[in-house]
Amino acid sequence: MIYQTLLKEFPYLLKGVLVALELLIAFMSLGFVIGIVLSVTEVYGNRWSSMLAVMIERFFRGVPAVVLLFLFYYGLSDIYNVSSFTAATLALGFRTAAYQSQIFKGAIQAVGSGQMEAARAIGMSKFQAIWSIIFPQALRFGIGPWSNEFASELKDTSLAYTIGVVELLRRAKYIVSYTYGNALIVYGFCAILYLILVLSGNSILYRIESKLQMPGFEMRRERG
Amino acid sequence: MSLLRVDDVYKAYGDLLVLKGVSFQMEKGDIKVIIGPSGTGKSTLLRCLNGLTSPDKGKIWIDGIEVTDPKTNINKIRPDIGFVFQNFNLFAHLTALDNVCIGLVKVKGMKKSEARVLAMEELRRVGLGEKAGAYPAEMSGGQQQRVSIARALAMNPKLILFDEPTSALDPELIGEVLKVMIDLAKGGMTMLVVSHEIGFCRAVADEILFLDEGKIIEKGHPSDLLANPSYQRTKEFLNKIIKLYGEERDKA
Amino acid sequence: MTGFFEFARIYLPTLVEGTIVTLEMWAWCMLGGTILGLLLGLCRVYGNKPIFVLSSGYIELFRGTPMLAQILFVYFGLPEIGVLLTPVVAASIALGMNTAAYQAEYFRGAIQSIETGQVEAARSLGMTQIQAISNIVLPQALRRVIPQWSNEPILLLKYSSIAFVIGVPELMARAQMIGYSTFRFFDAFLLAALIYLILTNILAQCLHTLEKRVSVLPKSK
């Protein structure tokens, strides 16, 4: 009986997966862009802008995700009527931006100041140096940690549940409530779905990382 | 009954047969040195003797107890066999004194206070009394190796195995370690040393064993073997190391 | 309409009550999680095939699924097989098992980074494998693990906020309750956010000091 329910509800749950993935792509992209801005500002900016960047980053890393979700949801609703999805995108986006900025900062610093000096010495502008010299190397240093962050955020899409986004877990909850039970199977099944997503995501990123390998930039990432 | 008896030992790593039937014996007080080209299984042989590795075929006895017998409790025999590693392998988180003590306390069940007294004696014996409180990272390679010898000595072993004890040392530090080893030898310790330090051989070795391609090709007293090796391969090898390492160093 | 600071003054006590629950839960999870994590790490390094597979499976499972799903599963799912738990206990178990999985990997890395030569030297003296592990490997591994490991306590503190979903009266839950009664959700959550910020910063500072004090020992070559 339980399995019949699962089979019937499978499309419904799958839509939940899609919602989660939509959310993920949305806020990860937002986070990526903001993250780059934050990291470049922290490393190359002047005193005030880098301090501001650090403060933003500290805030979004020090406050739990659910608190941020609620802050954005209720905070924005005061000004403008936002959907939970938008609030979630913004909240999780800024949060991942803070984490990603740390990754990028680490990657930039791993490249070493000598590279920048050499680039300026041959006459490149700061911008050119960052774009042609620092960025390609930082990219390779950053991929490993970034993949870890990606997997982490994939799982954290489930947190959007708390502000009402109808992703996978919320759909699971609906199924559990109106079929009066089967929580074990349904939540267990969702967990498996997430596991599959995470493992697939990791394996894709692993392959990308292998493609980008060069001598001197070997993969140091721990599996899993 | 010999102190050490090795009987027809074979050992392979995957497809590579490293030891092809090695046999020899040692009596109490013997000083034997194994020489030979690298990769011929010298280290492997030594590691079989205290059970760090197990031979595929063949038997090994230490003072009558069969090391290769799976029923033997190897932890009971090991304190009797000192082992000095090429890379010292001192315990990084312990001072020199504690490195020497820990075997006494944990394996022999000695009280910490007693162990410290004994350990200090051994450290002084190798000339490092004043380094008792130093950590391995604060000592030179030669000092670390001497501590590792003290660590082995503290257990009051019946024989000590040395696996290329000076190979990882800078040239100017080799002398201090060899001096300790020579003093030990003169004091009557049974020692089996894998090394290419010919000077050491001349000074105290009773017999040199030439191990090549997994077999003992030749053995003899230093004065015979070094002056007049019987086999061509032995001759070639000896020439090579004398060229590489210069004439043997003068040991006081 | 009272200002933010007046609001804070009135509702801070409630939030502090919630904070105490949060910290209690966090402390238990850290204790259980670290012990379990260390065991799992040891299993992965020294265990035989079945132990290795089991511990690896556990780790993959808990690291590959969302924390929220784990909490929901433990609290709503287990009763169906007869295991009834209060919200606090359910949350603590789920959080503890989760952090153990992450910590296991940190411990594994640190244990494996200790040169095998030291273990061989210990065995050569006659120590048993267990003696070698507890006297030689662990003292060094536990020191080496601190920089990476210190992320975990902070992460756990933040993720403890999820427990409000199953009704644990911790900090997040109290903020929500205040929100429902005053309709000043943003202020309530902002206050909660500030408390979390203070907590994580204090924790980070403590861990940083711990790291400093532990690394007094010179690392081996």
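Remember, it's a predicted structure, so these values are computed and weren't measured experimentally.

Thresholds, definitions, all that
Residues numbered from 1 in each chain as written. Chains lettered and ligands numbered in written order. Predicted model: local features only at pLDDT ≥ 70, side-chain atom pairs only at ≥ 80, totals over all residues. Helix = DSSP H or I, 4+ residues; strand = E, 2+ residues; numbered from the N terminus. Buried ≥ 20, exposed ≤ 12 C-beta atoms within 10 Å, placed from the backbone. Contact = placed C-beta atoms within 7 Å. Rg over C-alpha atoms; globule rule 2.2 N^0.38 Å. Nonpolar A, V, L, I, M, F, W, Y, C, P; charged D, E, K, R; others polar. Expected span 1.5 Å × (residues − 1). Bend = angle between axes of the 7 residues up to and from the residue. Pairing = 2+ DSSP bridges. Axes fitted to C-alpha atoms, helices over the stretch in contact; angles between N-to-C directions. Core = buried A, V, L, I, M, F, W, Y, C linked by C-beta atoms within 7 Å. Parallel < 35°, antiparallel > 145°, perpendicular 65-115°, else oblique. Left-handed = near helix turned anticlockwise from the far one by under 90°. pLDDT = per-residue confidence, 0-100.

What follows covers the overall build of chain C. Scanning chain C for helices and strands turns up 9 helices and 0 strands. Counting from the amino terminus, chain C carries its helices and strands in the arrangement α-α-α-α-α-α-α-α-α. Taken along the three principal axes of its C-alpha coordinates, chain C extends 75 × 45 × 20 Å. The buried share of chain C, taken over its 221 residues, is 45%. Of all intrachain contacts in chain C linking residues separated by at least 6 positions in sequence, the fraction that spans at least 24 positions is 74%.

Below, the discussion takes up the overall build of chain B. Helix and strand counts for chain B stand at 9 helices and 10 strands. Taken against the 2.2 N^0.38 rule, which gives 18 Å for 252 residues, the C-alpha radius of gyration of chain B at 18 Å falls within 12% of a compact globule. When the backbone C-alpha atoms are referred to their principal axes, chain B occupies close to 55 × 45 × 35 Å. Buried positions account for 46% of the 252 residues belonging to chain B. Look at the contacts in chain B between residues 6 or more apart in sequence, and 64% of them connect residues 24 or more apart.

Listed by partner, the interface residues are 32 residues for chain C and 32 residues for chain A. Looking at the side of chain C that touches chain A, the elements that each hand over two or more residues are α2 (49-64), α3 (67-77), α4 (87-112), α7 (151-159) and α9 (185-214) of chain C. At 10 residues, α9 of chain C tops the list of elements feeding residues into the side of chain C that touches chain A. Looking at side-chain class alone, the side of chain C that touches chain A contains 20 nonpolar, 7 polar and 5 charged residues.

Below, the discussion takes up helix α6 (residues 129-149) of chain C. Residues and elements named next belong to chain C. A rise of 1.5 Å per residue sets the reference length of α6, with its 21 residues, at 30 Å; its end C-alpha atoms lie only 25 Å apart and thus fall more than 12% short of the reference. Along α6, the helix axis deviates most sharply at V137, where the bend reaches about 45°; the proline P139 sits within four residues downstream. Here α6 has its buried residues at A132, I136, V137, Q140, A141, R144, V145 and W149. Of the surrounding secondary structure, the elements contacted by the buried residues of α6 are α4, α5 (116-124) and α7.

This paragraph deals with the environment of L90 of chain B. Structurally, L90 of chain B can be placed in the loop between β6 (81-84) and α3 (96-106). In contact with L90 of chain B, other than residues within four places in its own chain, are N99, P136, Q144, V147 and S148 of chain B.

All names here are of chain B. Read from one edge to the other, the open sheet built from 6 strands follows the order β6-β7-β8-β3-β9-β10, with strand pairing classed as mixed. Edge positions in the sheet fall to β6 and β10 (215-220), since each has one partner strand and no second. Sheet twist, expressed as the mean angle between neighbouring strand axes with direction ignored, is 20°. Here 4 bridges tie β6 to strand β7 (residues 159-163), and the two strands are oriented parallel to one another. Residue G82 lies in a different strand from β7, and its bridge partner there is I160.

Counting residues in hydrophobic clusters, the biggest one holds 100 residues, and the most contacted among them are V67 and L69 of chain A together with I71, F189 and A192 of chain C. Ranked by residue count, the leading element in this core is helix α4 (residues 84-111) of chain A, at 13 residues. Beyond its immediate chain neighbours, meaning those up to four positions away, A192 of chain C contacts V67 of chain A together with L15, L171, M172 and A175 of chain C.

This part covers the pairing of strand β3 (residues 31-35) of chain B. All names here are of chain B. Where burial is concerned, most of β3 is hidden: 5 out of the 5 residues are buried. Burial of the side chains of β3 extends over both faces: I31, V33 and I35 are buried on one face and K32 and I34 on the other. Here β3 runs beside strand β8 (residues 190-194); their pairing, made up of 4 bridges, is parallel. Bridged to I31 within β8 is M191. Across 4 bridges, the pairing between β3 and strand β9 (residues 207-212) is parallel. Bridge pairing in β9 places I34 opposite L209.

Another point: the packing of helix α5 (residues 141-154) of chain B against helix α6 (residues 171-186) of chain B. All names here are of chain B. Their axes nearest at 8 Å, the elements α5 and α6 cross at an angle of 15°. Here α5 is positioned roughly parallel relative to α6, judged by the angle of their axes. The chirality of how α5 crosses α6 is right-handed. Residues G141, G142, Q145, R146 and I149 of α5 touch α6, and the partners they reach there are L173, E176, V177 and V180. Classifying every residue of the contact of α5 with α6 by side-chain character gives 4 nonpolar, 3 polar and 2 charged.

Confidence along chain C averages 91 in pLDDT terms, with 97% of residues attaining 70 or more. We note a pTM of 0.82 for the whole complex and an ipTM of 0.86 for its interfaces.

The next thing to look at is the sheet that holds strand β5 (residues 65-66) of chain B. Two modes of strand pairing occur in sheets, parallel and antiparallel, and in both the strands are linked by backbone hydrogen bonds. Residue and element names in this part refer to chain B. Read from one edge of the open sheet, 4 strands run β2-β1-β4-β5, paired in antiparallel fashion. Each end of this open sheet is capped by a strand with a single partner; those strands are β2 (16-26) and β5. Here strand β1 (residues 4-13) runs beside strand β4 (residues 57-62); their pairing, made up of 5 bridges, is antiparallel. By the bridge assignment, L4 is partnered in β4 with I62. The sheet strands contacting helix α1 (residues 42-49) are β1, β2 and β4, and the helix crosses β2 at an angle near 55°.

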